[in-house]
Amino acid sequence: MAIKSLEELKKIREASKKKVDLREKGESTEGMTEILIGMATCGIAAGARETMKALYEAIDEAGLDNVRIIQVGCMGYCHSEPTVQVSQPSKAPVLYGKVDEQIAREIITKHILKDEFIDDHLLNKTFVKA
Amino acid sequence: MKNAKDRLVELNTELLDQEKLSVLEGYIEGLEDKAGSLIHVLHKAQGLFGYLPENLQLHVARKMDLPAAKVNGVVSFYSFFTQEPRGKHTISLCMGTACFVKGADKIFKTLKDQLGVENNKMTEDGLFTLKDIRCVGACGLAPVMLVDDKVYGHVKAEDIQRILQKYRDEEDSNGH
Amino acid sequence: MSNFTRQVMVCGGTGCIASESDVIIDRFREGLASLGLEGEVQVLKTGCFGFCGQGPIVKIHPDNVFYVKVTPADVSEIIQEHLIKGRRIERLLFTDPKTQIRLEKHEKMEFYQKQYRIALRNCGFINPEDIEEYIAFNGYEALGIVLSEKTPQEVVQIVKDSGLRGRGGGGFSTGLKWELAAKSPGNEKYIICNADEGDPGAFMDRSILEGDPHSVLEAMAIGGYAMGANHGMIYIRAEYPLAIERLNIAMKQAREMGFIGKDIFGSGFDFDIEIKLGAGAFVCGEETALIHSMEGQRGEPTKKPPFPAEQGYKGKPTSVNNVETLANICPIILKGPEWFGSIGTATSKGTKVFALAGKVNNVGLVEVPMGTTLREIIFEIGGGIPDGKAFKAVQTGGPSGGVITQADLDTPIDYESLKSIGSMMGSGGMIVMDEDDDMVEIAKFYLDFTQDESCGKCTPCRIGTKRMFEILERLTNLEGDPEDLEKLQDLGRMIKDSALCGLGQTAPNPVLSTMKYFPEEYEAYARREKKTTYAIDSEKCIGCTACVRVCPVNCITGSVKEPHVIDETVCIACGACYDVCRFDAVVKP
């Protein structure tokens, strides 16, 4: 559908906002948990595909149907690729670095299922966005 | 050196894969702006054939109404195009600055020694081609080596033997 | 649907949990529930704020108030005073040790102030293959505003007023570039996005294209409108397959929603974009060479004038803009040129993305306001040099730039200041070197690159860089002479003065700048002094043979479990044995 005015664009934006509110504010209308995984060339080179596969497998094994994985670009933390952000409803987003297959599983089994952080892999977001 | 006549005969008799050639011709015919698309055509040709031998360059030149010298001029100008056949696996070593500072030159020397080839050449067994490439942008993993699309990060000289052997073993087990 | 008006964010990092942040969260939840406010104030446990020394930390949104060293006993006061009455609790606000001024907004804290992301704003936060996520973050609103409310002249003026300058190296005013193309006569004009990132150590453009492709497409359409171009082209390296794929997906989605194509936003403005592949040539970053390459030719530069703004692609007025430059356009339209102009230094506005790599702990992309010092970037954001080694130099501007030493670490960086200390902004590669790095070898590395990438059109660059490289090889092979140093200097100056394009004119910079700051290293080579070699302490060596296996020149001998020996005549002082020895038995020169 072609958009022909700013009003139409704003309507789509309001509708799309639901998709990203969780990521920004920890709000979710659907009760979904969202896992963002950095899938730029650098992340993939560092093994992000394997990490993503492990995430899917672990979600499957745990029988979770309220977790969504979203591929995003890179956040610039090359030293800590692959990076993964977990956004749960009513909680602020948590960023993890150097997430290999094992840590990916722990993100599901510990962070999501037991509400425990994987402390050694926590990353601090060190920037503000315009 | 072969004489010019021999070369011409060779050009005419060397058969290019006709199926791939017709795909390439179809692509060229579908272009709106032929003259401006030489680089795209060469990308397509290299994608199909793996490299750009002289007879293929000549073929492209004729199809596009360009002098062969111009096509060759473009092929030889850009590092992405290769006129040499490639081995089954391409080993690319990142020679970006970050990798260099972390010792990529030593890794490159080790690779040349162990493969017994110079840069951009194929090993005798046709298994590997060695290439130095510019920054792949995985500086966090420097030094970085790629075998085809597989990325090896934080590579050390002593890892090389093991990595190469893996591909050689694979080849052996396929052969038997 | 939640109706929260406020959020209380409590740090749940290890440090803060150790100091009872869990109890604080419980107290907040209980306290709010007892007042019936649990539906209005949301209590969140966050990841570590990275300010563990001040923990536990509580942040209140959207007030942006930041409380530190909060104890469970403080909770009821925060609820009563802050959340209900709206009064800040002074004693819990953060105190900056340097100024003793209490700051309440955590963005003002030193730690967070360093990075400010404009060009990278969406990278890592949106799915680049989903246009709706881009729209959710105000995507395509700038284009909508421009097309429905602004004239092309107004758009040019906004970009000019913002002070945005090209991020690809030259630093030319983007608004002026658009204005020149707009004023050139003709109906057929082109806007080109230069995504041929050639500096072998910079990858911010790739990151933007892979993480936020729509921001570049939108900016191209805005630029097209401003200068009267209906054609956009992206010249991108074939070595970036993922970026190409994401661009193609983004273009398809943008076309479907009518953001590119005919009659955009019902304004009557038509604009389409196509991708042109590069094939690996550093010189194609130069705009005239890039245009020739797009026309299917060898990518050789031509002299300017005529400038591309007058005669560019197919002889038509053309504006070539770099990816990072374009990524700044939409925020400038949405937030205004005054906002953008308020960031940065007097001559250089906004932020710059740097690819920080080499001998630094936190390798990565950083986006900082212009005017940030190198010390802040390398030691605060970058976390300093690994393994406790000493900082030696940092190379900015890639093969066209120069080294910057300890003495200039506190220079606030912008286009002018980097030039004045003998380097340049370039595309933003930043390679950190430590005490082990040999500056002559580094210079040789860059010269090897430029002489290889020289297109061969003009003599100074084609032959000059080759000769300079040969002299450097002679020196490092210990076959040089003191006169070679003079020759290097002379050649360098001549190439700078006489080469045709930017690649040639800047090619000698790495050599000239390392010669200026580290003359002793060149002189030692010119005297054919062998670099001192490594030795093995026979008392400490246990004969594990680890060093033998890593030595690239096989100069270490010795039997297993017996002390080993290094043959000094063969040793090239690469340091591999030093790095691998676990018993401190290898002694550094």
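Owing to the predicted nature of the structure, the values given are computational and were not obtained by experimental measurement.

(A) Region of interest: the domain arrangement of chain B. As assigned here, chain B comprises domain 1 (4-77) and domain 2 (89-175). For domain 1 of chain B and domain 2 of chain B, the distance between their C-alpha centroids amounts to 30 Å.

(B) Focus on the interface of chain A and chain C. Contact with chain A, which involves 44 residues of that partner, is made by 58 residues of chain C. At the level of secondary structure, the elements contributing two or more residues to the side of chain A that touches chain C comprise helix 1 (6-25), strand 2 (67-72), strand 4 (94-96) and strand 5 (127-129) of chain A. When residues of the side of chain A that touches chain C are assigned to their parent elements, the largest contribution, nine residues, is made by helix 1 of chain A. Of the residues contributing to the side of chain A that touches chain C, the split by class is 22 nonpolar, 13 polar and nine charged. Direction of pairing for strand 5 of chain A relative to strand 7 (residues 115-117) of chain C: parallel, over a ladder of three bridges. Bridged to K129 of chain A within strand 7 of chain C is R117 of chain C.

(C) Structural view of the environment of R91 of chain C. Residue position: R91 of chain C is located in the loop between helix 3 (75-84) and strand 5 (94-95). Distance in space between the C-alpha atoms of R91 of chain C and E287 of chain C is 57 Å, their sequence separation being 196 residues.

(D) Focus on the interface of chain A and chain B. At the junction of the two partners, chain A supplies seven residues and chain B supplies seven residues. In the side of chain A that touches chain B, the residues fall into four nonpolar, two polar and one charged.

(E) A look at helix 2 (residues 21-34) of chain C. The terminal C-alpha atoms of helix 2 of chain C lie 20 Å apart, and with 14 residues this matches the ideal 20 Å at 1.5 Å per residue to within 8%. Just downstream of helix 2 of chain C, G36 of chain C is the residue with a positive phi angle, here 70°.

(F) Layout of the nonpolar core. One finds L42 and V144 of chain B together with V216, A221, I222, A355 and V394 of chain C to be the most contacted residues of the largest nonpolar core, which totals 241 residues. By size, the runner-up hydrophobic cluster in this structure holds 24 residues, among which are A92 of chain A together with V10, V43 and V75 of chain C.

(G) Quick peek at the pairing of strand 10 (residues 261-264) of chain C. Residue and element names in this part refer to chain C. Judged from the two bridges that link them, strand 10 and strand 11 (residues 269-277) form a sheet pairing that is antiparallel. By the bridge assignment for strand 11, I264 is matched with F269. The antiparallel pairing of strand 10 with strand 11 creates a hairpin that spans four residues between the two strands, and F265 there sits at a positive phi of about 55°.

(H) Here's a closer look at the packing of helix 18 (residues 439-453) of chain C against helix 19 (residues 459-476) of chain C. All names here are of chain C. In the contact formed by helix 18 and helix 19, the axes pass within 9 Å of each other and the chain directions differ by 150°. By the criterion of interaxial angle, the relationship of helix 18 to helix 19 is roughly antiparallel. Crossing angle aside, the handedness with which helix 18 passes helix 19 is left-handed. Residues V440, E441, A443, K444, L447, D448, T450 and Q451 of helix 18 pack against T465, K466, M468, F469, L472, E473, L475 and T476 of helix 19. Class assignment for the residues of the contact of helix 18 with helix 19 results in seven nonpolar, four polar and five charged.

(I) Layout of unusual backbone geometry. For the bond from E81 of chain A to P82 of chain A, the omega torsion is -10°, close enough to zero to count as cis. With respect to the helices and strands, the residue P82 of chain A is situated in the loop between strand 2 and strand 3 (84-87). A cis amide bond links P305 of chain C to the next residue, P306 of chain C, at an omega of 0°. Even without glycine at this site, F265 of chain C takes up a positive phi of about 55°. Structurally, the position occupied by F265 of chain C is in the loop between strand 10 and strand 11.

What counts and how
Residues numbered from 1 in each chain as written. Chains lettered and ligands numbered in written order. Predicted model: local features only at pLDDT ≥ 70, side-chain atom pairs only at ≥ 80, totals over all residues. Domains from an automatic or database assignment. Contact = placed C-beta atoms within 7 Å. Helix = DSSP H or I, 4+ residues; strand = E, 2+ residues; numbered from the N terminus. Nonpolar A, V, L, I, M, F, W, Y, C, P; charged D, E, K, R; others polar. Pairing = 2+ DSSP bridges. Expected span 1.5 Å × (residues − 1). Core = buried A, V, L, I, M, F, W, Y, C linked by C-beta atoms within 7 Å. Buried ≥ 20, exposed ≤ 12 C-beta atoms within 10 Å, placed from the backbone. Axes fitted to C-alpha atoms, helices over the stretch in contact; angles between N-to-C directions. Parallel < 35°, antiparallel > 145°, perpendicular 65-115°, else oblique. Left-handed = near helix turned anticlockwise from the far one by under 90°.

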